[in-house]
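If you want the building blocks of each chain, they are given just below.
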Amino acid sequence: MLKEIRYKEFMVRYRDIGKGEPLVLIHGFCESMEIWDEFVVELSHKYRVITPDLLGHGSTGDPEFPLPQGEGAESIPSPSRGGVGWGWGNSPANTMEMQAECVNEVLKACNVERCTIAGHSMGGYTALAFAEMFPEKVNGLCLFHSSAMADTEEKKIDRDRAIEVIKKDKDAFVEGMIPKMFAAANLEKLKVDVDKILAIAKNITKEGLIAALAGMRDRKDRQHIFDKADYPVLFIIGKDDLLIPYDKMPQQITRPAHSEVLMLAGVGHVGFYEARKETLFAIEKFVEEIKGRG
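Residues numbered from 1 in each chain as written. Predicted model: local features only at pLDDT ≥ 70, side-chain atom pairs only at ≥ 80, totals over all residues. Heavy atoms only, no water.

### Considering the packing of aromatic side chains
- Under the counting rule described, the total for this entry stands at 8 aromatic pairs.
- Pairing Trp-36 with Phe-272 gives two aromatic rings, centres 5.4 Å apart and planes at 50 degrees, and the pair type is tilted. With Trp-36 in the loop between β3 (22–26) and α1 (37–43) and Phe-272 in helix α10 (residues 271–274), this residue pair connects regions lying 236 residues apart in the sequence.
- When the ring of Phe-272 is compared with that of Tyr-273, the centres are 4.8 Å apart and the planes differ by 70 degrees; the resulting orientation is edge-to-face. The same class applies to Phe-272 and to Tyr-273, which are both buried. (Phe/Tyr/Trp six-rings, centres within 6.5 Å; stacked < 30°, edge-to-face > 60°. Helix = DSSP H or I, 4+ residues; strand = E, 2+ residues; numbered from the N terminus. Buried < 20%, exposed > 50% of the residue type's maximum accessible area, 1.4 Å probe, protein only.)

### A few points about the packing of helix α4 (residues 153–168) against helix α7 (residues 206–217)
- At a minimum axis separation of 9 Å, α4 and α7 run at an interaxial angle of 170 degrees. One element, α4, and the other, α7, form an angle in the roughly antiparallel class. Taking contact as the criterion, the partners of Lys-156, Arg-159, Asp-160, Ala-162, Ile-163, Ile-166 and Lys-167 in α4 are, on α7, Lys-206, Leu-209, Ile-210, Leu-213, Ala-214, Met-216 and Arg-217.
- Split into classes, the residues belonging to the contact of α4 with α7 amount to 8 nonpolar, no polar and 6 charged. (Axes fitted to C-alpha atoms, helices over the stretch in contact; angles between N-to-C directions. Parallel < 35°, antiparallel > 145°, perpendicular 65-115°, else oblique. Contact = heavy atoms within 4.5 Å. Nonpolar A, V, L, I, M, F, W, Y, C, P; charged D, E, K, R; others polar.)

### Some remarks on the nonpolar core
- Residues Phe-29, Phe-39, Leu-43, Ile-117, Ile-178, Phe-182 and Ile-283 are the most contacted members of the largest nonpolar core, which totals 89 residues.
- Excluding its chain neighbours within four sequence positions, the residues that come into contact with Ile-283 are Leu-23, Phe-39, Leu-43, Ala-118, Cys-142, Phe-144, Leu-234 and Ile-236. (Core = buried A, V, L, I, M, F, W, Y, C linked by side-chain atoms within 4.5 Å.)

### Examining the side chain of Glu-260
- Within the secondary structure, Glu-260 sits in strand β8 (residues 259–264).
- The side chain of Glu-260 is buried and forms no salt bridge, while Lys-285, the nearest opposite charge, is found at 4.3 Å.
- A polar contact of 2.9 Å, which involves the side chain of Glu-260, links it to the side chain of His-258.
- Those residues in contact with Glu-260, other than ones at most four positions away along the chain, are Val-233, Leu-234, Phe-235, Lys-285, Phe-286 and Glu-289. (Lys, Arg positive; Asp, Glu negative; His and termini not counted. Salt bridge = Lys/Arg side-chain N within 4 Å of Asp/Glu carboxyl O. Polar contact = N/O pair within 3.5 Å; in protein donor to acceptor, adjacent residues only side chain to side chain.)

### Quick notes on the environment of Arg-159
- When you line up the elements, Arg-159 lands in helix α4.
- Accessibility expressed as a relative area gives 9% for Arg-159, which makes it buried.
- The spacing of Arg-159 and Ala-212 is 53 residues in sequence and 9.9 Å in space, taken between C-alpha atoms.
- For Arg-159, the contacting residues outside a window of four places in its chain are Tyr-125, Asp-151, Leu-213, Met-216, Arg-217 and Arg-219.

### Re the sheet that holds strand β1 (residues 3–7)
- Strand order in this open sheet of 8 strands is β1-β2-β4-β3-β5-β6-β7-β8, and the pairing throughout is mixed. The outermost strands of the open sheet, each flanked by one partner alone, are β1 and β8. Taking each pair of neighbouring strands and ignoring which way they run, the sheet shows an average axis angle of 20 degrees.
- By the bridge criterion, 3 bridges tie β3 to strand β4 (residues 48–52) in an arrangement that is parallel. What sits directly across from Leu-23, in β4, is Val-49.
- Its contacts with the sheet put helix α2 (residues 96–109) on β1, β2 (10–17), β3, β4 and β5 (115–120), and the angle it makes with β1 is roughly 130 degrees. (Pairing = 2+ DSSP bridges.)

### Here we look at the environment of Glu-101
- Position of Glu-101 among the secondary structure elements: in helix α2.
- Between the alpha carbons of Glu-101 and Asp-195 there is a distance of 31 Å; along the sequence they are 94 residues apart.
- Reaching out from Glu-101, the side chain makes a polar contact with the side chain of Tyr-7 at a distance of 2.5 Å.

Next up, the structure:
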């Protein structure tokens, strides 16, 4: 059953299932909480599993009361961050800081003071922002096909190009992007999962996708989070990941004092589908270790 809270001009939807050690699973770009359905079924037998829909995605969607946009619209500073948020003029962005604040509001509504937090892709960027803003609330951090590095200048240009494509034809962008999330060898045998993410992505509005791309483009480098982490950090990496290349990860995985790595051959960007058993086991083992730390 969906629950909801208000964050800024958004109605944020989330699920809170199970009892025990709190585990927050955060979806990525073009996704929703539904990507975690199979994980939630298994993990909620042992843990309290909280899965929010991020801003602009899933059942949270776009603001209820967006301000005017388009030609002649002024860019109005966001009151909480001094930046530009969705619906605040003609430079929309759902920043990673906004997404982290949104997750924090969900946790407050759930009366959760500390948790293990795992984020897929953009969800990992959100988890890192959360760890920076609310370090006292983190028991453990998992980057699931994600990175603490900021976008390169080349990647920022790619984000801007993607925004222009979405403005012209959102469905064409989505249909081109989703297959790239899977290793080529997995596309046919995991067609049901490809179609599931495709359906989720097509249900996201043009504004939601653009705001997320702008937020990812503008995010800062957060590798310093690893240096300060007094909690374990788990990296789940796909060797065939086209979106988060594994050769960019070695400099990150060596930085935390307690680092664990699951490197998956034949897996692209969606290990929760491409390597279900292995990634589910890794998350469960990680949470058990954190419980054992007291």
